[in-house]
Amino acid sequence: MKKILIAVDETKGSRMVLSVFNNLVRPPEEVLLLHVGRLEGKSMMIDMLGEAELETLKESLEETEHMNALKRRSEKILNFYRKEIENGGLVRVRTLSRFGIPSDEIVKVAEEEGAELIITGFNNRSGLDRIVTGCVCKDVERNAKVPVMIARQKSGDKKAPAGVPIGDRLVLKEGF
Amino acid sequence: MKKILIPVDETRGTKEALALFSTAVTPAEEVILLHVPRMQGGSLMIDMLSDAELETLKESMEGTAHKDVLDRKADKILGFYRAKVEERTSGAVKTMVREGIVSDVILEVAREEDVDMIIMGCSGKSGFDRLISGCATNEVERLAEVPVLVAKNDGCQKHVYGWNEVYAAQ
């Protein structure tokens, strides 16, 4: 394969992409690491915004403290994953930071860049949690025009019980 | 990787899944091709049957002409894909036929065989059709304990957003 797009974020579920990529996927010529930052934090307002409103939101946020903090966080996450992948082997890695609705951006970038495969993590949301917050990986899988690999770690444990809290996030410390 | 499970049927999704098997993933020691026949044809009845009723259905179909047709179809599909896979892999190829609810069977086999990955095609259903008859790929992707690679074909279009919430409620 020429180009693989790996979508990452700060959640625990995202980490699975590493073991899947390093062990189960044939090394491509280039890896594109994409992080889509959520402009609105944990608010769900953003899924109700249209394209125009999103653009306005992005513009009004330009140059603000909030935006800078978001950009820095995005870079930290991307660097973490970049290091992990570059350590694994001889692949060219490019990082990309975007803001907006994660599943939309992932699918858009995959098309723009001509990626042949999208690898995304999986956050085990179930029940009400899933309905309310949604599942990025599912949306990506449905809307993408290219194959999507949903990365999970194979383990002996049963999957988490229904009602996994929304705050299932991996806080990246300064050390990264 | 040790074992890959590839559910196969007569749709294009399977062709795409196989293409991915050659190009995207690392070589496997064993490939399992699983065919789940549609005992009920296009009927949606099967998703409403419990295990006991499914058993009864299977028994009542034994020795019927319908079952023969299904068996022959299964053989054809598996024979065709086994040949394709054997061309592309030096590992072992195992074929399986098991009746039941598609997504449940796939997950069951994945667990029993302790596979490392599932590669499957996408059903290509959208909107109302998808809502009513469901999508095996989505169920598997949601509940599998291993990575799932979903192959796309031209039939898979963008799905109407509104159905997300209703679908997730299943």
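Residue positions are counted from 1 within each chain, in the order its sequence is given. For this description, chains carry letters from A and ligands carry numbers from 1, given in the order in which they are written. Per-residue local features of the predicted model are confined to residues with pLDDT of at least 70, and side-chain atom pairs are confined, for both listing and counting, to 80 or more; whole-chain, interface and lining totals are unaffected and use all residues.

Caption draft 1: A look at the overall build of chain B. Per the convention used, a helix needs a DSSP run of H or I reaching at least four residues, while a strand needs a run of E reaching at least two, with both numbered from the N terminus. Looking only at helices and strands, one finds seven helices and five strands in chain B. The N-to-C order of helical and strand elements in chain B reads β-α-β-α-α-β-α-β-α-α-β-α. Every C-beta atom is placed from the backbone, and the number of other C-beta atoms within 10 Å of a residue's own sets its class: buried at 20 or more, exposed at 12 or fewer, partly exposed in between. A buried classification covers 35% of the 170 residues belonging to chain B. In this description, a residue-residue contact is defined by the distance between C-beta atoms placed from the backbone, which must lie within 7 Å. When contacts within chain B are restricted to residue pairs at least 6 apart in sequence, those whose partners lie at least 24 apart make up 83%.

Caption draft 2: Inspection of the nonpolar core at higher detail. Throughout this description, the term nonpolar core refers to a group of buried Ala, Val, Leu, Ile, Met, Phe, Trp, Tyr and Cys residues whose C-beta atoms join them within 7 Å. Formed by 77 residues in total, the largest nonpolar core has its most connected members in Ile6, Ile118 and Ile119 of chain A together with Ile6, Ile118, Ile119 and Leu149 of chain B. It is helix α1 (residues 16–24) of chain A that contributes the most residues to this core, six residues altogether. Among all residues touching isoleucine 118 of chain A, those that are not within four sequence positions of it are Leu5, Ala7, Ile106, Ala110, Val140, Ala144, Val146 and Val148 of chain A.

Caption draft 3: Local environment of the sheet that holds strand β3 (residues 92–99) of chain A. Pairing between two strands requires that DSSP report at least two bridges joining them. Spatially, β3(A)-β2(A)-β1(A)-β4(A)-β5(A)-β5(B)-β4(B)-β1(B)-β2(B)-β3(B) is the arrangement adopted by the ten strands of the open sheet, whose pairing is mixed. On the outer flanks of this sheet lie β3 of chain A together with β3 (92–97) of chain B, each paired with one strand and no other. Strand-to-strand twist in this sheet, taken as the mean axis angle between neighbours without regard to direction, amounts to 20°. Here strand β1 (residues 3–8) of chain A pairs with strand β4 (residues 117–120) of chain A via four bridges, running parallel. Opposite alanine 7 of chain A, over in β4 of chain A, you have threonine 120 of chain A as the bridge partner. For helices, the fitted axis covers only the stretch in contact; all axes are lines through C-alpha atoms, and the angles between them, taken along N-to-C directions, range from 0 to 180 degrees. Running at roughly 135° to β4 of chain A, α1 of chain A makes contact with β1, β4 and β5 (148–150) of chain A together with β4 (117–121) of chain B of the sheet. Relative to the sheet, helix α4 (residues 102–113) of chain A contacts β1, β2 (30–37), β3 and β4 of chain A, its axis offset from that of β2 of chain A by approximately 150°.

Caption draft 4: Local environment of the pairing of strand β5 (residues 148–151) of chain B. With burial as the criterion, each face of β5 of chain B is covered, one bearing Val148 and Val150 of chain B and the other bearing Leu149 and Ala151 of chain B. Both β5 of chain A and β5 of chain B contribute to a ladder of three bridges, which runs antiparallel. Along β5 of chain B, the bridge assignment pairs valine 148 of chain A with valine 150 of chain B. By the bridge criterion, four bridges tie β4 of chain B to β5 of chain B in an arrangement that is parallel. Bridge assignment links isoleucine 119 of chain B to a residue of β5 of chain B, and that residue is leucine 149 of chain B.

Caption draft 5: Broad picture of the environment of leucine 54 of chain B. Residue and element names in this part refer to chain B. Secondary-structure assignment places leucine 54 in helix α2 (residues 51–61). Between the C-alpha atoms of leucine 54 and lysine 2, which are 52 residues apart in sequence, the distance is 32 Å. Non-local contacts of leucine 54, meaning those with residues more than four positions away in its chain, are made with Leu49 and Gly100.

Caption draft 6: Structural context of the environment of aspartate 9 of chain B. Residues and elements named next belong to chain B. Turning to its location among the elements, aspartate 9 is positioned in the loop between β1 (3–8) and α1 (12–23). By C-beta crowding, aspartate 9 is classed as buried, having 21 other C-beta atoms within 10 Å. Here the alpha-carbon distance between aspartate 9 and methionine 120, two residues 111 residues apart in the chain, equals 9.9 Å. Once residues within four sequence positions are removed from consideration, aspartate 9 is found in contact with Thr14, His35 and Ile77.

Caption draft 7: Representation of helix α2 (residues 51–61) of chain A. Summarising burial for α2 of chain A: zero of the eleven residues are buried, a small minority. Glutamate 63 of chain A occupies a position one or two residues after α2 of chain A and carries a positive phi of about 70°.

Caption draft 8: Representation of helix α4 (residues 102–113) of chain B within the structure. Residue and element names in this part refer to chain B. Working rule for helices: expected span equals 1.5 Å times residues minus one. Over its twelve residues, α4 runs 16 Å from end to end, which matches the ideal 16 Å to within 8%, given 1.5 Å per residue. Listed as buried for α4 are Val102, Ser103, Val105, Ile106, Leu107 and Ala110. Next to the buried residues of α4 lie β1, β2 (30–35), β4 and α6 (136–143). Following α4 by one or two positions, aspartate 114 adopts a phi angle in the positive range, close to 55°.

Caption draft 9: Region of the structure containing the packing of α1 of chain B against helix α3 (residues 65–88) of chain B. Residues and elements named next belong to chain B. Between α1 and α3, whose axes approach to 10 Å, the crossing angle comes to 15°. On the basis of the axis angle, α1 is roughly parallel to α3. In terms of crossing hand, the pair formed by α1 and α3 is right-handed. Each of Thr14, Leu18, Phe21 and Ser22 in α1 lies in contact with α3, whose residues at this interface are Tyr81, Lys84, Val85 and Arg88. Amino acids outside the nonpolar list (Ala, Val, Leu, Ile, Met, Phe, Trp, Tyr, Cys, Pro) and the charged list (Asp, Glu, Lys, Arg) are all regarded as polar, and Gly is one of them. Its residues assigned to classes, the contact of α1 with α3 comprises four nonpolar, two polar and two charged. Working rule for angles: under 35 degrees goes down as roughly parallel, over 145 as roughly antiparallel, 65 to 115 as roughly perpendicular, anything else as oblique. Handedness of a helix crossing follows the sense of rotation of the near helix relative to the far helix, less than a right angle counterclockwise being left-handed and clockwise being right-handed.

Caption draft 10: Examining the packing of α4 of chain B against α6 of chain B more closely. Residue and element names in this part refer to chain B. At their nearest, the axes of α4 and α6 sit 8 Å apart, and the two run at 35° to each other. Seen along the crossing, α4 lies across α6 with a hand that is right-handed. Contact residues: α4 offers Val102, Ser103, Ile106 and Leu107, while α6 offers Ala136, Glu139, Val140 and Leu143. In terms of residue class, the contact of α4 with α6 is made up of six nonpolar, one polar and one charged.

Caption draft 11: Fine view of the confidence of the model for chain A. Per-residue confidence for chain A gives a mean pLDDT of 77, with 74% of residues at or over 70. Confidence scores labelled pLDDT are given residue by residue by the predictor and lie between 0 and 100. For the stretch residues 156–176 of chain A, pLDDT sits under 50, and the model shows 29 contacts to residues farther than four places along the chain or on other chains.

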